[in-house]
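Secondary and tertiary structure notes
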Amino acid sequence: MKLKVKEVINDHDYDCIVVDIDKITTQIVFNKSDHVERYLGKSVDLNCDNGKYTIKEAPASEK
């Protein structure tokens, strides 16, 4: 699913991204090694496979 990262929360052991999913603000936890702070303010593709989220920057939409 394509979402916009509204906020990144850096904790001691993990990082969170804050996104709106169906108009509900949601926090999704990632490992520090995922370096999610680089996605702040960007649109991302978020996938979930067996409860493990993967994130990558969404390609720019074509006009």
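Before going into details, it helps to say that this report is about the structure given with it.

Calculation criteria
Every chain is numbered independently, its residues counted from 1 as its sequence is written. Totals for whole chains, interfaces and linings use all residues, but because this is a predicted model, local features are given only for residues with pLDDT of at least 70 and pairs of side-chain atoms are given and counted only at 80 or more. Values reported for side chains reflect all heavy atoms of the structure, with hydrogen atoms and water molecules removed beforehand. Two strands qualify as a pair provided DSSP detects at least 2 bridges between them. The helix and strand labels rest on DSSP assignments: H or I over at least four residues marks a helix, E over at least two residues marks a strand, and numbering proceeds from the N terminus. Simply put, an axis is a line fit to the C-alpha atoms, just over the touching stretch for a helix, and the angle between two N-to-C directions goes from 0 to 180 degrees. Only protein chains enter the accessibility calculation, which uses a 1.4 Å probe; a residue whose area is less than 20% of its type maximum is buried, one above 50% is exposed, and one in between is partly exposed. Under the rule applied, a polar contact is a pair of N or O atoms within 3.5 Å (in protein, one hydrogen donor and one hydrogen acceptor; residues adjacent in sequence only if both atoms are side-chain atoms). Contact between two residues is taken to exist if any of their heavy atoms lie within 4.5 Å; hydrogens are not considered.

**With respect to the sheet that holds strand E5 (residues 43–49)**
Taking strand neighbours across the sheet as the criterion, the 3 strands line up as E1-E5-E6 in an open arrangement whose pairing is antiparallel. In this open sheet, the two edge strands, each paired with only one partner strand, are strand E1 (2–4) and strand E6 (52–57). Averaged over all adjacent pairs, the angle separating strand axes in this sheet is 40°, with direction ignored. Taken together, the 6 bridges between E5 and E6 define a ladder with antiparallel strand orientation. Looking across to E6, one finds that cysteine 48 is bridged to tyrosine 53.

**Some points on the side chain of aspartate 15**
Examined against the element boundaries, aspartate 15 turns out to sit in strand E3 (residues 14–21). Residue class for aspartate 15 comes out buried when judged on its relative accessible area of 2%. Of the polar contacts made by the side chain of aspartate 15, one reaches the side chain of lysine 32; its length is 3.1 Å. Ignoring anything within four residues of it in the chain, the contact list for aspartate 15 reads Ile9, Asn10, Ile28, Val29, Phe30, Lys32, Val36 and Glu37.

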